[in-house]
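Overview (structure and organization)
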Amino acid sequence: MVTLYQIVKRVVGLALLPGLFIPLYAQEYKVWQFPKDKLPVIDGNSPDWEDIPESYVITIHQMKEDEGKHAVPDTSTLDIRVKVGWCAGLNRLYFLYQAYDNYWRFSENTLSTDIFEVVVDGDCSGGPFIDRFHPKEKADVWETWFNFHGCHAQNYHIFTPPHTEDWCMYWGPQVWLKEKPWADHAYQYDFKEGEAGWLTLEFYITPFDHADASGPEKSIPTILQENNYIGLSWAVIDWDAHPTSKDGFWNLSEEHTMYGNADYLHKFRLMPLEQQ
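For every chain, the first residue of the written sequence is number 1, and numbering continues from 1 along that sequence. Note on the predicted model: pLDDT of at least 70 is required for a residue's local features to be given, and 80 or more for side-chain atom pairs to be given and counted; whole-chain, interface and lining totals, by contrast, use all residues. Hydrogens and water are ignored here; the side-chain numbers use all heavy atoms of the structure.

A short note on the pairing of strand β1 (residues 29–33)
Short version of the rule: The rule is simple: take the accessible area with a 1.4 Å probe, protein chains only, and divide by the maximum for that residue type; under 20% is buried, over 50% is exposed, in between is partly exposed. Secondary structure is summarised from DSSP: a helix means a run of H or I of at least four residues, a strand means a run of E of at least two, and numbering begins at the N terminus for each. DSSP bridges decide pairing: two strands pair if at least two such bridges lie between them.
With five of five residues buried, β1 is to be regarded as a mostly interior element. Two strands pair when backbone bridges link them, and β1 and strand β15 (residues 266–270) are joined in this way by three bridges, in the parallel orientation. Across the sheet, Tyr-29 pairs through a bridge with Phe-268, a residue of β15. Bridge analysis of β1 against strand β4 (residues 78–87) gives two bridges, and the strand direction is parallel. When the bridges of β4 are listed, Trp-32 appears paired with Gly-85.

Brief notes about the nonpolar core
Side chains of a nonpolar character, in soluble globular proteins, are inclined to be buried together. Keep this limit in mind: We call a set of buried Ala, Val, Leu, Ile, Met, Phe, Trp, Tyr and Cys residues a nonpolar core when their side-chain atoms join them within 4.5 Å. Only heavy atoms enter the contact rule, under which two residues are in contact if any of them lie within 4.5 Å.
Counting residues in hydrophobic clusters, the biggest one holds 44 residues, and the most contacted among them are Phe-95, Phe-116, Ile-158 and Trp-234. Counting residues per element, this core draws most heavily on β4, at five residues. In this view, Ile-158 contacts Asp-114, Ile-115, Phe-116, Val-118, Trp-167, Cys-168, Tyr-187, Leu-201 and Phe-203; residues no more than four positions away in its chain are not counted. Val-119, Trp-171, Phe-249 and Leu-265 belong to the second-largest nonpolar core, a separate cluster that totals 16 residues.

A few points about unusual backbone geometry
Put simply, Thr-160 and Pro-161 share a cis peptide bond, and its omega is -5°. As for its placement among the helices and strands, Pro-161 is situated in the loop between β7 (154–159) and β8 (168–170). Although it is not a glycine, Cys-124 adopts a positive phi angle of roughly 55°. Mapped onto the secondary structure, Cys-124 falls in the loop between β6 (115–121) and α2 (141–147). At Asn-227, a position not held by glycine, the phi torsion is positive, near 75°. Note that Asn-227 resides in the loop between β12 (220–221) and β13 (229–238).

Considering the confidence of the model for the protein
Atom-level detail of predicted coordinates should not be read off regions where pLDDT is low. In plain terms, the rule: Think of pLDDT as the predictor's per-residue confidence, scored from 0 to 100.
Predicted confidence across the protein gives a mean pLDDT of 90, with 90% of residues reaching 70 or more. Counted against residues more than four places away or in other chains, residues 1–25, with its pLDDT under 50, gives 13 contacts.

Structural notes on a nonpolar patch on the surface
The following threshold applies: Exposure above 30% relative accessible area and the absence of a salt bridge qualify a residue for a patch, where like charges join within 9 Å and nonpolar side chains (Val, Leu, Ile, Met, Phe, Trp, Tyr) within 5 Å. For the accessible areas, the method is Shrake-Rupley and the probe is 1.4 Å, while residue cover comes only from the protein chains on display. For this document, the term salt bridge refers to a Lys or Arg side-chain nitrogen within 4 Å of an Asp or Glu carboxyl oxygen.
On the surface, Val-141, Trp-142 and Phe-146 cluster together to form a nonpolar patch covering roughly 360 Å² of accessible area. Note on placement: Val-141 falls in helix α2. Val-141 gets classed as exposed once you look at its relative accessible area, which sits at 59%.

Describing the packing of aromatic side chains
Where we set the bar: Aromatic pairing here means that ring centres of Phe, Tyr or Trp (its six-membered ring) are within 6.5 Å. Orientation follows from the plane angle: under 30 degrees is stacked, over 60 is edge-to-face, and everything else is tilted.
Under the counting rule described, the total for this entry stands at 24 aromatic pairs. Ring centres 5.3 Å apart and planes at 85° place the aromatic pair Trp-32 and Tyr-56 in the edge-to-face group. Pair noted here: Trp-32 is in strand β1 and Tyr-56 is in the loop between β1 and β2 (58–59), with a separation of 24 residues, a long-range link. Ring plane angle 10° and centroid distance 4.1 Å describe the contact between Tyr-97 and Phe-116, whose orientation is recorded as stacked. Of this pair, Tyr-97 sits in strand β5 (residues 90–101) while Phe-116 sits in strand β6, and the two are 19 residues apart along the sequence.

A word on the pattern of salt bridges
Tallied over the full model, the rule gives eight salt bridges. Its salt-bridge partner being Asp-51, residue Lys-38 comes within 3.8 Å of it at the nearest N-O pair. With Lys-38 in the loop between β1 and β2 and Asp-51 in the loop between β1 and β2, this pair connects stretches of sequence that are 13 residues apart. According to the relative accessible area criterion, Lys-38 is partly exposed, its value standing at 39%.

Take a look at the structure:
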């Protein structure tokens, strides 16, 4: 007879297999469905999001700092709230990102600044999607960059606040993905470099099952449908005054390399309309 202990042991063993992530007590992550007549206006203001209940909000307390700098969150130095939405008939994911930081770093045009890194896998296809994780060790560098990197899952390094030249770095050759009509963004903040304060970032992106380097004409957008799941996670990269060492890498995923391997993204359910 199989005992309860043996059953639990087998389940835990499966959860620990390389490349197979099965969180035993994972909460269901949800994407709020906006009615077509209540789509958020991308203006950096949050009233459009007030109907979304707290059960949809993901905070820093559901994230971990996975570089060993902080054991637990300290909201006096960094606080985070994220809401995600969608609308039937539109292949867009809407985000409201609100963050408090005791030291905002953003004036230099480098990646050593405060960043909200978002990774999406629209059809939950999973697997690696950046060149350094290509399954063929001796794959051609340029072929991998143009035909593999960022194709079946997408990574956005969003500057918080924006740099003078750009609002984000799309990690891959498909730079058209960060431009209208595939994306839009707006910020609200009143602090200066090195100061503390709250930032509100409102934006949408368009997930693609295949994003082609040559442009949207040869690409396949994800068809978002009610009750389907998407792969999604994010990290907040926090820089303070020190120019060479970040203060923290706060990750929603349990695996640091979610930035380039969609196996480690969480599944988010595209929720039905809720009665209001």
